[in-house]
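The lines below spell out each chain.
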Amino acid sequence: MKEWIEILSKTKLLTPKGIFSLLDSLRLTGVNLFAILHTAYKLYPDKIAITTTDSTYTYRELFLYSWQLACWLKQNELITRKQKIAITGENSPELIFTIFASALLGADIYLLNAQMSHLQLMELTDRFNFHVFFHDDDRSYSNDSIPINKNCRILSSAKCFDSSRKQTHACKAKSFRMIGNNFNKLVVLTSGSTGAPTAAGRKASVNNYLQVFISLFKQLKLYRYESLYLAPPLYHGFGIATLCISLLLGKHTFISSGFDATGACRLISKHKIQVMTLVPLMIQRMIEQDAGALSSLECLISGGAPLPVFLLRNIQQTLGDKLYNLYGSSEVGVCTLATPEDLKHFPETIGKPLQGVKIKILLSDKQEAPVETEGELCIRCNWSTNKHKWLQTGDKGYKNKQGYYFLTGRIDNMIVSGGENVYPSELEAILRQHPGIRDVIVISMDDAEFGKRLKTIIIPTSDSILNEEQVMHWLKGRVSRYQMPKIIRLTDRFPMNPVGKPDKEALLKL
């Protein structure tokens, strides 16, 4: 407890005003994400909260606009407590307003990957029976394009926000006290063990998140910095968690729609940004684009995908010892952290468990593995989707004698491509629906930019006339952009190994 007090004393959260603001926010808004925003507004009203490429919002504006939107949605769209609200889109102020407004109304929030195809969104809407589907204006959606659940209203986040700005009388001073609710859960839809998206939801609880907040705050030394560039998308657990921590600490957070290495370098150089959260692919592109523009960065927080050793070495040589490597998943949250000092001694480590995290390595017979013996990582912590159970991650790894953990692969055949979970078996199943394909094998291949990509080998039916371009065109709209194969090859037979199974090495060379 003494350690926590010392750490929190470095922020405004432990001052009399900070404690009163947090308690008052919980009383007014309920235990939900909006309480974070209300607390930040009370503590840092005139500080800049969010900057995009073309707009800036103070904490006061972020709070008021989200509040106004909540009032407007309640009055005009009849959004109420425990309704299922799907939200998708690239990082934008309107997306943030929509998330916080939905939380204040007590809705269950489902964050959907903006790169999903219409067919995938149809399946999700049918499975979860969403009441409302919010999207940005970069892609067109209608009840014709997602025609399963007729009770699901499809709304534009930007248009709803614009309407709420014009109808400010919808938000009376007293109405704020009436609409605050304890929201049921925040759900990040993540690929499960079969590749089908599964719901990783968490209920709001201060106790559940206090330990991980304190642990990260201490080791990352976030109290030292004022500005943060949030590069991962908010529909990822990594992205939304970073936003909440940044706002609660009163940081100046920079966001952009999508990721562009040139634009990111320009933004960091112009504003002298100190902290950046990213997936490894992003920092690799930025160093290749303009390493000199990154000189202001003092803390790089990598997560969402394995960190290649060659990239770590490049970062150390180019930017110095500034990189922290986080490991976790949507189901278990953030679990381990490797500091720059850790990575100097053990470049491949994912670090040691954060305070409050328990990890065990299980062998195939479910017995706990000895030190330096490979098995499946199983994790238990208060902020997982089920804090009372050991959750199997599907990741293979081991613990060394010094207590550091290492990953060695996956139990299933999932790969991580540019920070996204991708399953070869899922792409195979979709391609087998094509009438001109007799058989197909999808394998992973190394890729200098994305870490891993998919390669597809197809045996056409005897009467079909197929080429690679036609298959690529057929896949568009049926799979997400990150599921698209890098290479498609047509053949009349699969090369086999001596035991009669497809020869992976030969397929890679095909």
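Residues numbered from 1 in each chain as written. Predicted model: local features only at pLDDT ≥ 70, side-chain atom pairs only at ≥ 80, totals over all residues. Heavy atoms only, no water.

Colleague: What is the right way to read the overall build of the chain from this model?
Modeller: Secondary structure summary: the chain contains 17 helices and 24 strands in total. In the chain, which comprises 510 residues, the proportion classed as buried is 56%. The long-range fraction of contacts in the chain, counting pairs at least 24 apart against all pairs at least 6 apart in sequence, stands at 62%. Put simply, the chain shows about 22,800 Å² of open surface, and 51% of that area lies on carbon and sulfur atoms. (Helix = DSSP H or I, 4+ residues; strand = E, 2+ residues; numbered from the N terminus. Buried < 20%, exposed > 50% of the residue type's maximum accessible area, 1.4 Å probe, protein only. Contact = heavy atoms within 4.5 Å. Areas by Shrake-Rupley, 256 points an atom, 1.4 Å probe, with all protein chains shown as cover.)

Colleague: Mind showing me how you'd approach unusual backbone geometry here?
Modeller: Peptide bonds are, in most cases, trans, and in most cases residues other than glycine have a negative phi. Located in the positive-phi region is Leu78, a residue other than glycine, with phi close to 55°. Residue placement: Leu78 occurs in the loop between helix H4 (59-76) and strand S3 (84-88). In the Ramachandran plot, Lys221 falls in the positive-phi region, its phi being about 55° despite a non-glycine side chain. Relative to the helices and strands, Lys221 is located in the loop between helix H9 (206-220) and strand S9 (227-230). Residue classification places Lys221 among the partly exposed positions, given a relative accessible area of 26%.

Colleague: I keep staring at the side chain of Glu426 and nothing clicks. Help me out?
Modeller: Position of Glu426 among the secondary structure elements: in helix H15 (residues 424-431). Despite its burial, Glu426 remains without a salt bridge, the nearest opposite charge being carried by Arg127 at 8.2 Å. (Lys, Arg positive; Asp, Glu negative; His and termini not counted. Salt bridge = Lys/Arg side-chain N within 4 Å of Asp/Glu carboxyl O.)

Colleague: Would you mind showing me how to read the environment of Ser163 here?
Modeller: Along the chain, the position of Ser163 falls in helix H7 (residues 157-166). Judged by relative accessible area, which is 29%, Ser163 ranks as partly exposed. Residues Ser163 and Leu73, spaced 90 residues apart in sequence, show a C-alpha to C-alpha distance of 9.8 Å.

Colleague: Any chance you could explain the environment of Arg481 here in plain terms?
Modeller: The topology assignment puts Arg481 in the loop between helix H16 (468-475) and strand S24 (487-490). Classification of Arg481 by relative accessible area gives exposed; the value is 61%. Distance from Arg481 to Ser117, taken between C-alpha atoms, is 7.9 Å for residues 364 residues apart in sequence.

Colleague: Just checking my understanding: could you explain the nonpolar core for this structure?
Modeller: Side chains that are nonpolar tend, in soluble globular proteins, to be buried together. Formed by 84 residues in total, the largest nonpolar core has its most connected members in Leu73, Leu111, Phe134 and Leu243. Residues within four places of Leu111 in sequence aside, it is in contact with Ile87, Ile99, Leu186, Val187, Val188, Leu189, Leu234, Tyr235 and Ile240. Residues Phe254, Met282, Ile287 and Leu343 belong to the second largest nonpolar core, which totals 29 residues. (Core = buried A, V, L, I, M, F, W, Y, C linked by side-chain atoms within 4.5 Å.)

Colleague: Whenever I open this one, the sheet that holds strand S23 (residues 451-460) confuses me. Can you help?
Modeller: Strands belonging to one sheet form pairs held by backbone hydrogen bonds; the direction of such a pair is parallel or antiparallel. Pairing is mixed across the open sheet formed by three strands, whose spatial order is S22-S23-S24. What marks the edges here is a single partner per strand, and that holds for strand S22 (437-447) and S24. Strand-to-strand twist in this sheet, taken as the mean axis angle between neighbours without regard to direction, amounts to 20°. Contacts from H15 reach S22 and S23, with the element oriented near 150° to S22. Each of S23 and S24 touches H16; the most contacted strand, S24, lies at about 130° to it. (Pairing = 2+ DSSP bridges. Axes fitted to C-alpha atoms, helices over the stretch in contact; angles between N-to-C directions.)

Colleague: Would you explain the side chain of Thr277 in this entry?
Modeller: Tracing the sequence through the fold places Thr277 in strand S11 (residues 275-278). The residues touching Thr277, leaving out its near neighbours within four places in the chain, are Tyr229, Leu230, Ala231, Pro232, Phe238, Thr242 and Ile301.

Colleague: Would you mind showing me how to read the pairing of S3 here?
Modeller: If a strand is regular, its side chains alternate between the two faces of the sheet. Of all the five residues making up S3, four are buried; the element is thus mostly covered by neighbouring parts of the structure. Read as a crossover between parallel neighbours, the route from S3 over helix H5 (residues 93-104) to strand S4 (residues 108-112) is right-handed. Pairing analysis gives three bridges linking S3 to strand S5 (residues 132-135), with the strands arranged parallel. The residue bridging Ile85 from the neighbouring strand is Val132, located in S5. (Right-handed = clockwise from strand over helix to strand, strands pointing away.)

Colleague: Quick question: what am I supposed to make of helix H3 (residues 33-43) here?
Modeller: Each full turn of the α-helix corresponds to 3.6 residues, which orients residues three or four apart in the same direction. With ten of its eleven residues buried, H3 lies for the most part within the structure. Looking only at H3, the buried set comprises Leu33, Phe34, Ala35, Ile36, Leu37, His38, Thr39, Ala40, Tyr41 and Leu43.

Colleague: I tried to follow H7 on my own but got confused; where do I start?
Modeller: Listed as buried for H7 are Ser157, Cys160, Phe161 and Ser164. All buried residues of H7 fall inside an arc of 100° around its axis, so they share one side. Turned more than 90 degrees away from the buried face of H7 sit Lys159 and Lys166, all of them exposed. Looking at the buried side of H7, the elements it contacts are H4, H5, S5 and strand S6 (153-156). (Arc of directions from axis to C-beta.)

Colleague: Where do I start with the packing of H3 against H5 in this structure?
Modeller: Packed helix pairs are characterised by how far apart their axes lie and by the angle those axes make with each other. In contact at an axis separation of 7 Å, H3 and H5 are set at 110° when each is read in the N-to-C sense. Judged by the inter-axis angle, H3 sits roughly perpendicular to H5. Contact with H3, carried on its side by Leu33, Phe34 and Leu37, involves Ile99, Phe100, Ala103 and Leu104 of H5 and no other residues of that element. When grouped by side-chain class, the residues that make up the contact of H3 with H5 number seven nonpolar, no polar and no charged. (Parallel < 35°, antiparallel > 145°, perpendicular 65-115°, else oblique. Nonpolar A, V, L, I, M, F, W, Y, C, P; charged D, E, K, R; others polar.)

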